[in-house]
Amino acid sequence: MRPFHWTYGGASIHFGPGALGSLGGELGGIRSAIVITGRSGARASGAMSDVEGILRGAGIAYAVYDRVAPNPPSAQAQEVAELARAKGAEALIAVGGGSVIDVAKVASAVASGGGNPMDYIYGRLRAGPGLPVYAVNLTHGTGSEANRYANLTDIATGDKIGGEVSYPRASFDDPKYTLTMPREQVMCTSFDALYHAYESATTVGSPPLAQDAAAISAARIAERLPLAVAEPSSVEHRYWLMYAAMLSGVAIDISPTNLIHAIENFLSGLRPALPHGCGLAIIGPPLARIVHELSPEASGRVLRALDPRFDGTPEGAARTLSSFQSSVGFERTLGDYGIDGELLETAVRRALSNEPSASRIRRRLGGLELDAERLLTILRSLL
């Protein structure tokens, strides 16, 4: 579990035990900050108190925004931006998982460049040099601490999509802060990282760098997630899951996600109670049949990292993903999260009609024209 430091995309990434100890040095010259968190996870993990101790020790004034919700609405990024302006903040410190980090990225852009949060998600505005974001990551799934992407739900439409916003100034991945995650979150954040890897590798034009990172990430998840579920107090297993998630985050920065993430984003945008990684795990296996048909070699490489016995067929792709998820105890359905046929149909049709989402899916799948009825036929069995 050796700690290390590296730089990617302008983000100074501190990884491993004791990583948060580098926060004070990264904040040199900062006099005031907004600390952004969710409602409970940052406190429960111990990370929040450690961050506050570092800020007090450095004499940095700070205010706390602790209302970030899972699958956050765009209004929360607007609220953080307005708070940052009102307080004259010089930095944003995100203490949480992907939702928290994504809100901080977009709030930074709005606070400095004006406009509204969805302007940056849709690409109507480009984020310039803004308030620096310092990401204290508390899960092993997001990858947002190592890439330029952010996801928000548009409060005007209910559509949840991602866009290129900005890299954090610095990030901190210390596995000890993941030990308080509930069992389902342990699984589902890891599934998020797994599908980052799978989709990055299978997006048309994915380069060797992304495919190599994806294969390594999948292998680490295959090895360590069953152990982390069986031994939830092991920091070592979380170290390697965080490492896998970071690699997957870089992989999608190089070669983005495709069909599975696109459909799931609309599902969890319409039903915020559906954890993003859980949604991916439910819809991922059947949709992998389509993805595998288009990118069989890249798909096979990632799936053989999960199970060397993968048979190379589209049906085998679905079985391999489903079997791995079942092996760690995940057996959920969309119906378990209150998603019925009407909501499912709405999500699929919106994903295939929303721009730029629909164009992105087609481009990343080599121009494949997707039929909403075909997708709904595949997905209705998951209710």
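Residues numbered from 1 in each chain as written. Predicted model: local features only at pLDDT ≥ 70, side-chain atom pairs only at ≥ 80, totals over all residues. Heavy atoms only, no water.

Looking at this model, I keep getting lost on helix 3 (residues 47-57). Mind explaining?
In an α-helix, one turn spans 3.6 residues, which is why side chains three or four residues apart end up on the same side. For helix 3, the set of buried residues is Ala47, Met48, Val51, Glu52 and Leu55. End-on, the buried residues of helix 3 take up no more than an arc of 130°, which puts them together on one face. Those residues of helix 3 that are exposed and aimed more than 90 degrees away from the buried face are Arg56 and Gly57. Summarising the contacts, the buried residues of helix 3 are in contact with helix 1 (23-26), strand 3 (32-38), helix 2 (41-45), strand 4 (61-68), strand 5 (91-96) and strand 6 (133-137). (Buried < 20%, exposed > 50% of the residue type's maximum accessible area, 1.4 Å probe, protein only. Helix = DSSP H or I, 4+ residues; strand = E, 2+ residues; numbered from the N terminus. Arc of directions from axis to C-beta. Contact = heavy atoms within 4.5 Å.)

When you look at the sheet that holds strand 1 (residues 4-8) in this model, what are you seeing that I'm missing?
Strand pairing in a sheet takes place through backbone hydrogen bonds and is either antiparallel or parallel in direction. As summarised here, the arrangement of the 7 strands in space is 1-2-9-6-5-3-4, forming an open sheet in which the pairing is mixed. One side of each edge strand has no neighbouring strand; the edge strands of this open sheet are strand 1 and strand 4. Taking the axes of each pair of neighbouring strands and ignoring which way they run, one obtains an average angle of 15° across the sheet. Bridge count for strand 6 against strand 9 (residues 170-173) is 4 bridges, and the pairing is parallel. Bridge assignment links Asn137 to a residue of strand 9, and that residue is Asp173. (Pairing = 2+ DSSP bridges. Axes fitted to C-alpha atoms, helices over the stretch in contact; angles between N-to-C directions.)

Is there a simple way to think about the packing of helix 8 (residues 208-230) against helix 12 (residues 296-306) in this case?
If you want to describe how two helices pack, look at the angle between their axes and the distance between the axes. Here helix 8 crosses helix 12 at 25°, and the two axes come no closer than 7 Å. Classified by the interaxial angle, the pair formed by helix 8 and helix 12 is roughly parallel. Seen from above, helix 8 lies across helix 12 with right-handed handedness. Taking contact as the criterion, the partners of Gln211, Asp212, Ala214, Ala215, Ala218, Ala219 and Ala222 in helix 8 are, on helix 12, Ala298, Arg301, Val302, Ala305 and Leu306. In the contact of helix 8 with helix 12, the residues fall into 9 nonpolar, 1 polar and 2 charged. (Parallel < 35°, antiparallel > 145°, perpendicular 65-115°, else oblique. Left-handed = near helix turned anticlockwise from the far one by under 90°. Nonpolar A, V, L, I, M, F, W, Y, C, P; charged D, E, K, R; others polar.)

Looking at this model, I keep getting lost on helix 8. Mind explaining?
In this model helix 8 runs 34 Å from its N-terminal to its C-terminal C-alpha over 23 residues, within 8% of the 33 Å that 1.5 Å per residue would give. Maximum bend of helix 8: about 35°, positioned at Arg224, with proline Pro226 one to four residues after it. For helix 8, every residue scored as buried is listed here: Ala210, Ala213, Ala214, Ala215, Ser217, Ala218, Ile221, Ala222, Arg224, Leu225, Ala228 and Val229. Buried residues in helix 8 make contact with helix 7 (183-202), helix 9 (235-254), helix 12 and helix 13 (314-327). (Expected span 1.5 Å × (residues − 1). Bend = angle between axes of the 7 residues up to and from the residue.)

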